[in-house]
Amino acid sequence: MGNRTLSVPTVIVNNETYSIVPNSFMYDGGEGEINVRSASAGGGNSTSVHSQNAETQIGKCKFDVYLVPGLDSDIATWKESVGANSIQAIQRAGSGEAVTLSWDNMSLVNAVEREASADGVTSLEFEGDRMSAQ
(Lines give C-alpha, C1' and ligand atoms only; values in the text may rest on other atoms or scores of the structure.)
Protein backbone atom coordinates (compact mmCIF):
# COMPACT_ATOMS: atom_id res chain seq x y z
CA MET A 1 0.00 0.00 0.00
CA GLY A 2 2.93 2.39 0.26
CA ASN A 3 2.12 3.55 3.83
CA ARG A 4 4.99 5.36 5.51
CA THR A 5 5.51 7.58 8.51
CA LEU A 6 7.37 10.87 8.78
CA SER A 7 8.23 11.70 12.36
CA VAL A 8 8.44 15.49 12.30
CA PRO A 9 7.20 16.86 8.98
CA THR A 10 6.03 20.38 8.41
CA VAL A 11 2.42 20.01 7.23
CA ILE A 12 0.93 22.63 4.93
CA VAL A 13 -2.77 22.62 4.00
CA ASN A 14 -3.82 25.08 1.29
CA ASN A 15 -0.62 27.11 1.77
CA GLU A 16 -1.04 27.40 5.55
CA THR A 17 1.32 25.63 7.97
CA TYR A 18 -0.20 23.56 10.79
CA SER A 19 1.33 22.15 13.95
CA ILE A 20 0.60 18.44 14.24
CA VAL A 21 0.89 15.86 16.99
CA PRO A 22 4.40 14.33 16.72
CA ASN A 23 4.60 10.92 15.06
CA SER A 24 0.98 11.10 13.86
CA PHE A 25 1.55 11.69 10.13
CA MET A 26 0.73 8.72 7.91
CA TYR A 27 0.35 8.60 4.15
CA ASP A 28 -0.33 6.39 1.18
CA GLY A 29 1.16 7.60 -2.08
CA GLY A 30 -1.69 6.08 -4.08
CA GLU A 31 0.40 3.51 -5.91
CA GLY A 32 -2.57 1.17 -5.72
CA GLU A 33 -2.83 -2.58 -5.63
CA ILE A 34 -1.67 -5.09 -8.19
CA ASN A 35 -4.11 -7.94 -8.84
CA VAL A 36 -2.52 -11.29 -9.65
CA ARG A 37 -4.57 -14.12 -11.07
CA SER A 38 -3.80 -17.48 -12.56
CA ALA A 39 -4.64 -18.27 -16.18
CA SER A 40 -4.72 -21.71 -17.71
CA ALA A 41 -2.01 -22.16 -20.31
CA GLY A 42 -3.17 -25.61 -21.40
CA GLY A 43 -1.55 -28.96 -20.86
CA GLY A 44 -1.82 -28.64 -17.09
CA ASN A 45 0.22 -25.42 -17.11
CA SER A 46 -0.73 -22.03 -15.81
CA THR A 47 0.67 -18.54 -15.97
CA SER A 48 0.16 -15.50 -13.78
CA VAL A 49 -1.71 -12.45 -15.08
CA HIS A 50 -0.96 -9.10 -13.43
CA SER A 51 -3.07 -5.95 -13.59
CA GLN A 52 -3.20 -2.61 -11.79
CA ASN A 53 -6.33 -1.93 -9.80
CA ALA A 54 -7.09 1.71 -10.66
CA GLU A 55 -9.78 1.85 -7.97
CA THR A 56 -7.10 1.76 -5.28
CA GLN A 57 -4.84 4.45 -6.79
CA ILE A 58 -5.92 7.12 -4.31
CA GLY A 59 -3.49 9.31 -2.43
CA LYS A 60 -4.15 9.56 1.30
CA CYS A 61 -2.67 11.35 4.25
CA LYS A 62 -3.79 11.61 7.82
CA PHE A 63 -2.50 13.32 10.91
CA ASP A 64 -3.63 14.51 14.32
CA VAL A 65 -3.82 18.11 15.50
CA TYR A 66 -4.64 19.68 18.83
CA LEU A 67 -7.98 21.44 19.22
CA VAL A 68 -6.91 25.08 19.00
CA PRO A 69 -8.90 28.26 18.30
CA GLY A 70 -9.72 28.56 14.61
CA LEU A 71 -9.58 24.82 13.90
CA ASP A 72 -13.37 24.49 13.60
CA SER A 73 -13.41 27.17 10.92
CA ASP A 74 -10.54 25.50 9.05
CA ILE A 75 -12.29 22.11 9.19
CA ALA A 76 -15.48 23.67 7.78
CA THR A 77 -13.50 25.24 4.93
CA TRP A 78 -11.73 21.95 4.12
CA LYS A 79 -15.05 20.06 4.18
CA GLU A 80 -16.60 22.61 1.78
CA SER A 81 -13.58 22.44 -0.55
CA VAL A 82 -14.40 18.98 -1.91
CA GLY A 83 -11.58 17.87 -4.20
CA ALA A 84 -9.90 21.28 -3.95
CA ASN A 85 -7.51 21.02 -0.98
CA SER A 86 -3.75 20.68 -1.37
CA ILE A 87 -1.46 19.08 1.21
CA GLN A 88 2.32 19.20 1.52
CA ALA A 89 4.54 17.41 4.02
CA ILE A 90 8.12 18.59 4.21
CA GLN A 91 10.70 16.55 6.11
CA ARG A 92 14.23 17.85 6.62
CA ALA A 93 16.91 15.19 6.32
CA GLY A 94 20.03 15.16 8.49
CA SER A 95 22.00 16.72 5.63
CA GLY A 96 19.64 19.71 5.55
CA GLU A 97 17.97 18.59 2.33
CA ALA A 98 14.20 18.60 2.31
CA VAL A 99 11.92 15.85 1.06
CA THR A 100 8.60 17.31 -0.10
CA LEU A 101 5.52 15.15 -0.55
CA SER A 102 2.51 16.77 -2.24
CA TRP A 103 -1.11 15.83 -2.85
CA ASP A 104 -3.60 17.83 -4.93
CA ASN A 105 -7.37 17.64 -5.34
CA MET A 106 -7.84 16.35 -1.81
CA SER A 107 -11.01 16.08 0.28
CA LEU A 108 -11.29 15.87 4.05
CA VAL A 109 -13.10 12.52 4.17
CA ASN A 110 -13.54 11.54 7.81
CA ALA A 111 -16.28 12.59 10.19
CA VAL A 112 -14.13 14.87 12.34
CA GLU A 113 -14.59 14.31 16.05
CA ARG A 114 -13.09 16.92 18.35
CA GLU A 115 -11.82 15.76 21.73
CA ALA A 116 -12.24 18.80 23.95
CA SER A 117 -9.79 18.05 26.76
CA ALA A 118 -6.44 19.31 27.97
CA ASP A 119 -4.60 16.70 25.92
CA GLY A 120 -7.29 15.95 23.33
CA VAL A 121 -6.44 15.50 19.66
CA THR A 122 -8.44 15.71 16.46
CA SER A 123 -7.74 13.30 13.59
CA LEU A 124 -7.85 14.55 10.00
CA GLU A 125 -7.94 12.23 6.97
CA PHE A 126 -7.59 13.52 3.42
CA GLU A 127 -7.95 11.56 0.16
CA GLY A 128 -7.51 12.54 -3.47
CA ASP A 129 -4.90 12.43 -6.24
CA ARG A 130 -1.77 10.32 -6.09
CA MET A 131 1.21 11.80 -4.30
CA SER A 132 4.06 13.56 -6.03
CA ALA A 133 7.48 13.63 -4.34
CA GLN A 134 10.38 16.04 -4.78
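What you are looking at is a predicted structure, and each value in this text was computed from that prediction instead of being measured.

When its secondary structure is counted, the chain shows one helix and eleven strands. Its C-alpha atoms give the chain a radius of gyration of 19 Å, more than 25% over the compact-globule value 14 Å for 134 residues. Across its three principal axes, the chain shows a C-alpha extent of roughly 70 × 40 × 25 Å. Counted over contacts in the chain with a minimum sequence separation of 6, partners at least 24 positions apart contribute 61%. Carbon together with sulfur atoms contributes 46% to the accessible area of the chain, which is approximately 7,900 Å² in total.

This part covers the side chain of asparagine 53. Mapped onto the elements, asparagine 53 comes out in strand 6 (residues 45–53). Judged by its relative accessible area of 16%, asparagine 53 falls in the buried class. At a separation of 3.0 Å, a polar atom in the side chain of asparagine 53 contacts the main-chain amide nitrogen of glutamate 55. When neighbours within four sequence positions are excluded, asparagine 53 is seen to be in contact with Glu33 and Asn35.

It is worth spelling out the confidence of the model for the chain at this point. Overall, the prediction assigns the chain a mean pLDDT of 90, with 94% of residues at 70 or greater. Scored below 50 in pLDDT, residues 1–5 shows 17 contacts in the model against residues more than four places distant or in partner chains.

Glancing now at the pattern of salt bridges. One pass over the full model with this rule turns up one salt bridge. The salt bridge partner of arginine 114 is aspartate 72, with a shortest N-O separation of 2.8 Å. Placement of the pair is arginine 114 in the loop between strand 9 (98–108) and strand 10 (121–128) and aspartate 72 in helix 1 (residues 71–80), with a sequence separation of 42 residues. For arginine 114, a relative accessible area of 38% corresponds to the partly exposed category. Residue classification places aspartate 72 among the partly exposed residues on the basis of a relative accessible area of 45%.

Here the structure, examined in full by the defined rule, presents seven aromatic pairs. Ring geometry for phenylalanine 63 versus phenylalanine 126: centroids 6.1 Å apart, planes at 20°, classification stacked. Taken together, the positions of phenylalanine 63 in strand 7 (residues 59–66) and phenylalanine 126 in strand 10 put the pair 63 residues apart, joining distant regions of the chain. For the pair phenylalanine 63 and phenylalanine 126, a shared accessibility class is recorded, and that class is buried. Where tryptophan 78 meets phenylalanine 126, the ring centres are 5.8 Å apart and the plane angle is 70°; that geometry is what we call edge-to-face.

Turning our eyes to something else, we now look at the nonpolar core. The biggest cluster of nonpolar side chains holds 22 residues, and the ones touching the most others in it are Phe25, Phe63, Trp78, Trp103, Leu124 and Phe126. Breaking this core down by element, the ones donating at least two residues are strand 2 (10–13), strand 4 (25–28), strand 7, helix 1, strand 8 (85–92), strand 9 and strand 10. Ranked by the residues each element gives to this core, the list is headed by strand 9, at four residues. Leave out the neighbours within four places in its chain, and leucine 124 touches Cys61, Lys62, Phe63, Val65, Ile75, Trp78, Leu108, Asn110 and Val112.

Let us now look at unusual backbone geometry. Notably, asparagine 15 is not glycine yet its phi reads approximately 70°, a positive angle. For asparagine 105, which is not a glycine, the phi torsion comes out positive at approximately 55°. Relative to the helices and strands, asparagine 105 resides in strand 9. Given the relative accessible area of 43%, asparagine 105 is considered partly exposed.

Reading guide: rules and limits
Starting afresh in each chain, residues are numbered from 1 along the sequence in its written order. Owing to the predicted nature of the model, reporting of local features is limited to residues with pLDDT of at least 70; listing and counting of side-chain atom pairs is limited to 80 or more, with chain, interface and lining totals taken over all residues. The side-chain figures draw on all heavy atoms in the structure; neither hydrogens nor water molecules are used. For the purposes of this entry, the term helix denotes a DSSP run of H or I that reaches at least four residues, the term strand denotes a run of E that reaches at least two, and both are numbered from the N terminus. Based on C-alpha atoms, the radius of gyration is set beside the globule rule, defined as 2.2 Å times the residue count to the power 0.38. When checking whether two residues touch, look at their non-hydrogen atoms; a contact exists if any pair is within 4.5 Å. Each accessible area value is a Shrake-Rupley result obtained with a 1.4 Å probe; residue values ignore everything except the protein chains displayed when judging cover. The buried label applies to any residue whose accessible area, calculated with a 1.4 Å probe on protein chains only, is under 20% of its type's maximum; exposed applies above 50%, and partly exposed to all values in between. By the criterion applied in these results, polar contacts are pairs of N or O atoms within 3.5 Å in which, for protein atoms, one can donate a hydrogen and the other can accept it, and in which residues neighboring in sequence qualify only through two side-chain atoms. pLDDT is defined as a per-residue confidence score from the predictor, taking values between 0 and 100. Should a side-chain nitrogen of Lys or Arg be within 4 Å of a carboxyl oxygen of Asp or Glu, the pair is scored as a salt bridge. To pair, rings of Phe, Tyr and Trp, with the six-membered ring standing in for Trp, must have centres within 6.5 Å; the planes then decide the type, stacked if under 30 degrees apart, edge-to-face if over 60, and tilted in the middle. To form a nonpolar core, buried Ala, Val, Leu, Ile, Met, Phe, Trp, Tyr and Cys residues must be joined to one another through side-chain atoms within 4.5 Å.

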